[in-house]
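For reference, the chains in residue letters:
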Amino acid sequence: MFDDGSPIYRQIADQIKAEIMNGSLEPGGKVMSTNQYAAFYQINPATAQKAFRELVDEGVLYKQRGVGMFVAEDARDKLAADFRERFFERVLAPLVREARQAGIPLTDIIDYLKAQEGVLK
Amino acid sequence: MTAPALATRRYGLGAGLAGAALNYFKYWMLAAAVLCFAVPLLIAQYAGIELSAWYYAVNAGKWFTAFVGGGFVFTLLPQMIAAGLTRRELAAAMGVFGVLWSLALGAVGLAGLFAERAYYGAFGWSQGIDATSGIAPIGSAADTAAFAAYLPLLFLAYFAAGTVIGVASYRWEHAGWLLLVPVLPVVFGLDVALYSTEPVGPGWIGFLGRFIDEWGRGPLAAAIVLATAVLAVAARRLLIDVPLRSKQA
Amino acid sequence: MSLSVTLRDVSLRYGAEAALTGIDLDLEAGKIYGLLGRNGAGKTSLLSLVAAFRKPSTGRILVGGEPVWENASVVSRVALIREGGDFDDTETVKATIESGSIRPSFDTEYAYKLADRFELPLKKRVSALSRGKRSVLAAVCGLAARADLTMFDEVHLGMDAPTRDAFYKELLAEYLERPHTVVLSTHLIDEVANYLEEVVIVDRGRILQHADIEAFQGMGATLTGPAAAVDALGLDALAEQRLGGTKSITVASALDADTRERAAAAGIEIGPVGLQDLFIHLTDPNRNGA
């Protein structure tokens, strides 16, 4: 991990978010401490702290003084909306752009996606 | 990290260095004692014994003392400052080291002279030194004690001389040892004059001492105290703002 | 208690040659700093001043708010570990470790634990150690000093990659257990980047940059695309390369959203710049100013 060029604290924040989305971190569950994160990922604890601070600011985590960090009850709902927005922005927008550059009509893509929906069902 | 430990560590270091150095050189001293016992016995087969062998050992000890002072400070300086000691602390530690070392060697010197006195007495040999005016016996027990009483001071003078040259050699990598030129003749001259003896070393050093050996031991001892103090102050002065050498990459 | 570091208008001259000029620097207590600079940039001189190995030619140096020069209560809590260590080479490794206890905070037990972990031969003389083992001994003594300001100056030199990795791990573990101020001077920037909170770049005797590691990580970008399109962005390039009609430039500043959008629309690929590359570009002697 830590190789896509964005600051490490953001990568950690993203990873915690992903863990909340996929259920490995439960709402109300306790998150590892900054020092545990630092030791596990071999990073500066201030970096882990920055990730936590960002998540607290976004309302994904909340802090209980002297006890630790916990996942907010409504974290998943908050993140779902966020994920949806980012999915369109980061995945679909470039897709459309590239398709246009390559001369692929959007209708072809829509047909392809529809076919995939059939497969997945 | 307690403050009292920090305030007194310089003295602890000094005492520790003296202990370590004495421990390190104990076999040398033992070897000197054995030689001083054996060599006269050997010579006595062919000639009469007139000179104290132990006095030669004591003179060798003075040389050693200079090397100990210089060698230790040269080695310790970067090591101790890198270990978080101040230069002033190191200077104080070297002072304690020098005094304890000199007292200890002085005591060894005195004990040796008395042991030799008994040994020579048993064989009817004469315990003397090679003085300017011919061979001079050290004399009665009281004379021997008076003779040996100056040894700690002399050791300290050599220690201070060695230390100032050691610090200078660290400070001025290529030129520091040149301090030998003014320091050595002064210390040798005073030593030689004190005992109005032939020097251990080149003859011209004895020549230096001969100008002042009429002063008598009191004024000469005072001159040695003064010279030692000047050397110690000089060593401290050179030490307290010396930069650590940079490491060769 | 961690120690802060403050330098005010500090300069250092070796004879006629200026090693450091007009240094103003503040290091907060309790952080891990990376000190970067090319050979001869002044890293070692800077650290030597902070550790009171040398006296500055001008200026003031405070450690923990107090002047550091000849201040026993401060220097006893400061450790600068130079490459190869400051040892008596005729001593054994064991005696060298034992002599560390002249420092009140030195933890002999911890030193032996580390010596065992890094497989130091206790009975060997320091002079008989390989360069790598010597560096390890220096690092071990530096860690076991348990100082409140610990500075490692290129201590990794001579260590192989697994040993360096183990050293960084131990350094972080010690830091997590006992917060203190750490300065790592190194060339292997990418190797230590994740351990750092702030980075100071020294160049030609001056402080070139001092910022959070994130600022450096977000700082640079490479843009690769059709030469005309890249030129049209009008960015200040640190370095540029051309291959046929394709042009690649490196910029030091963070790209704003507008530039990113325009670049993306023009088919320009945006990539990150590693700290190491950024450092190389920033300290390029052919660059004018900074």
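Here the structure is a predicted model, which means the values were calculated and not measured. (Residues numbered from 1 in each chain as written. Chains lettered and ligands numbered in written order. Predicted model: local features only at pLDDT ≥ 70, side-chain atom pairs only at ≥ 80, totals over all residues.)

K.L.:
How should the overall build of chain C be read in this particular structure?
P.N.:
The helix and strand tally for chain C stands at 11 helices and 14 strands. Of all 290 residues assigned to chain C, the portion counted as buried reaches 46%. Taking as baseline every contact in chain C between residues at least 6 positions apart, the subset at least 24 positions apart corresponds to 69%. (Helix = DSSP H or I, 4+ residues; strand = E, 2+ residues; numbered from the N terminus. Buried ≥ 20, exposed ≤ 12 C-beta atoms within 10 Å, placed from the backbone. Contact = placed C-beta atoms within 7 Å.)

K.L.:
What should I look at first to understand the overall build of chain B in this one?
P.N.:
Counting its regular elements, chain B contains eight helices and two strands. In chain B, the succession of helices and strands from N to C terminus is α-α-α-β-β-α-α-α-α-α.

K.L.:
What is the right way to read the interface of chain C and chain A from this model?
P.N.:
Taken residue by residue, the interface counts 15 residues in chain C and 14 residues in chain A. Elements represented by at least two residues in the side of chain C that touches chain A include exactly helix H6 (161-177), helix H8 (213-217) and strand S14 (269-272) of chain C. Take the side of chain C that touches chain A: its biggest share by element is four residues, from H6 of chain C. Its residues assigned to classes, the side of chain C that touches chain A comprises seven nonpolar, five polar and three charged. (Nonpolar A, V, L, I, M, F, W, Y, C, P; charged D, E, K, R; others polar.)

K.L.:
What exactly am I supposed to notice about the domain arrangement of chain C here?
P.N.:
It is common to report an interface's size as the accessible area lost on association of the parts. If you check the domain split of chain C, you get domain 1 (5-216) and domain 2 (220-272). The distance between the C-alpha centroids of domain 1 of chain C and domain 2 of chain C comes to 39 Å. (Domains from an automatic or database assignment.)

K.L.:
Before we go on, may I ask you to explain the interface of chain B and chain C in this structure?
P.N.:
With 23 residues of chain B at the interface, the matching set in chain C holds 24 residues. Every element with two or more residues in the side of chain B that touches chain C is listed here: helix H1 (3-43), helix H2 (53-82) and helix H3 (87-123) of chain B. For the side of chain B that touches chain C, the element with the most residues is H2 of chain B, which contributes six residues. For the side of chain B that touches chain C, the class distribution of residues is 12 nonpolar, five polar and six charged.

K.L.:
It is not clear to me how the environment of glycine 61 of chain B should be interpreted in this structure. Could you clarify?
P.N.:
All names here are of chain B. Turning to its location among the elements, glycine 61 is positioned in helix H2. Using a count of 25 C-beta atoms within 10 Å as the deciding quantity, one classes glycine 61 as buried. For the pair formed by glycine 61 and valine 181, sequence separation is 120 residues and the distance between their alpha carbons is 21 Å. Once residues lying within four places of it in the same chain are set aside, the contact partners of glycine 61 are Leu105 and Gly109.

K.L.:
Just checking my understanding: could you explain the UniProt feature "domain: ABC transporter" (unreviewed entry) in chain C for this structure?
P.N.:
According to UniProt, the feature "domain: ABC transporter" (unreviewed entry) maps to residues 5-229 of chain C in the numbering used here. The distance separating the terminal C-alpha atoms of residues 5-229 of chain C is 47 Å; by composition the span is 32% helix and 30% strand. (UniProt positions renumbered as here; feature names shortened; annotations may be inferred.)

K.L.:
Explanation requested: the environment of glutamine 127 of chain B in the structure shown.
P.N.:
Residues and elements named next belong to chain B. Looking at where glutamine 127 falls in the secondary structure, it is placed in the loop between H3 and strand S1 (128-131). Taking the number of C-beta atoms within 10 Å as the measure of exposure, glutamine 127 has 23 and is therefore buried. Remark: the alpha-carbon pair of glutamine 127 and alanine 104, spanning 23 residues in sequence, is separated by 23 Å. Once residues within four sequence positions are removed from consideration, glutamine 127 is found in contact with Ser52, Glu116, Arg117, Tyr120, Pro137 and Ile138.

K.L.:
I'm lost on the pairing of strand S4 (residues 58-63) of chain C in this one. Help?
P.N.:
Two faces, one strand: in a regular strand the side chains alternate between the faces of the sheet. Residues and elements named next belong to chain C. Two strands pair when backbone bridges link them, and strand S1 (residues 5-14) and S4 are joined in this way by five bridges, in the antiparallel orientation. Residue pairing for S4: serine 11 is matched across the bridge by threonine 58. Bridge analysis of S4 against strand S5 (residues 66-67) gives two bridges, and the strand direction is antiparallel. Bridged to leucine 62 within S5 is proline 67. The hairpin formed by S4 and S5 contains two residues between the paired strands, and glycine 64 there has a positive phi angle of roughly 60°. (Pairing = 2+ DSSP bridges.)

K.L.:
Is there a simple way to think about helix H1 (residues 43-50) of chain C in this case?
P.N.:
For the α-helix, the turn length of 3.6 residues means that residues three or four positions removed from each other point alike. Residue and element names in this part refer to chain C. Of all eight residues in H1, eight are buried; the element is thus mostly enclosed. Restricting attention to buried positions, one finds in H1 the residues Lys43, Thr44, Ser45, Leu46, Leu47, Ser48, Leu49 and Val50. Among the residues trailing H1, alanine 52 stands out with phi positive, at a value near 60°.

K.L.:
What exactly am I supposed to notice about unusual backbone geometry here?
P.N.:
Working note: non-glycine residues mostly have negative phi, and peptide bonds are mostly trans. Despite not being glycine, glutamine 42 of chain A shows a phi value in the positive range, around 55°. With respect to the element layout, glutamine 42 of chain A can be found in the loop between helix H2 (34-41) and helix H3 (45-57). Of note, arginine 204 of chain C is a non-glycine position whose phi angle comes to about 50°, a positive value. Relative to the assigned elements, arginine 204 of chain C resides in the loop between strand S9 (198-203) and strand S10 (206-212).

K.L.:
Got a minute to help me understand the UniProt feature "transmembrane region" (unreviewed entry) in chain B in this structure?
P.N.:
Under the present numbering, the feature "transmembrane region" (unreviewed entry) in UniProt falls on residues 27-47, 53-78, 90-115, 147-168, 175-195 and 215-235 of chain B. A helix fraction of 81% and a strand fraction of 0% characterise residues 27-47 of chain B, whose end C-alpha atoms lie 29 Å from each other.

K.L.:
I keep staring at the sheet that holds S1 of chain C and nothing clicks. Help me out?
P.N.:
Within a sheet, neighbouring strands are paired by backbone hydrogen bonds and run either parallel or antiparallel to one another. Ordered in space as S2-S1-S4-S5 (chain C), the four strands form an open sheet in which the pairing is antiparallel. Two strands lie at the open edges of the sheet, namely strand S2 (17-27) and S5 of chain C, each paired on one side alone.

K.L.:
Got a minute to help me understand the environment of asparagine 71 of chain C in this structure?
P.N.:
Relative to the elements of secondary structure, asparagine 71 of chain C occurs in the loop between S5 and helix H2 (72-75). Sequence separation of asparagine 71 of chain C and alanine 52 of chain C is 19 residues, and the distance between their C-alpha atoms is 8.9 Å.

K.L.:
Even after reading the chapter, I still don't get helix H1 (residues 8-21) of chain A, so can you show me in this structure?
P.N.:
An ideal rise of 1.5 Å per residue puts 20 Å on 14 residues; H1 of chain A measures up with 20 Å between its terminal C-alpha atoms. When we look at burial in H1 of chain A, the residues that qualify are Ile8, Tyr9, Ile12, Ala13, Ile16, Lys17 and Ile20 of chain A. Among the structural elements, strand S1 (30-31), H2, H3, strand S3 (68-71) and helix H4 (75-102) of chain A together with H8 of chain C are those in contact with the buried residues of H1 of chain A. Within two residues after H1 of chain A, glycine 23 of chain A carries a phi angle of roughly 90°, on the positive side. (Expected span 1.5 Å × (residues − 1).)

K.L.:
I'm lost on the nonpolar core in this one. Help?
P.N.:
Side chains of a nonpolar character, in soluble globular proteins, are inclined to be buried together. Of all hydrophobic cores here, the largest spans 171 residues; its most connected members are Ala161 and Val164 of chain B together with Val50, Val78, Val140 and Met151 of chain C. With 15 residues, the top contributor of residues to this core is H2 of chain B. Once residues lying within four places of it in the same chain are set aside, the contact partners of methionine 151 of chain C are Leu47, Val50, Ala51, Ala79, Leu80, Ile81 and Val183 of chain C. (Core = buried A, V, L, I, M, F, W, Y, C linked by C-beta atoms within 7 Å.)

K.L.:
How do you make sense of the sheet that holds S14 of chain C when you look at a structure like this?
P.N.:
Residue and element names in this part refer to chain C. The strand order across the open sheet built from four strands is S12-S13-S11-S14, with neighbouring strands paired in antiparallel fashion. In this open sheet, the two edge strands, each paired with only one partner strand, are strand S12 (237-243) and S14. Along the sheet, successive strands turn relative to each other by an average axial angle of 20°, direction set aside. Where strand S11 (residues 221-226) meets S14, four bridges bridge the pair, whose relative direction is antiparallel. Along S14, the bridge assignment pairs threonine 222 with glycine 271. (Axes fitted to C-alpha atoms, helices over the stretch in contact; angles between N-to-C directions.)

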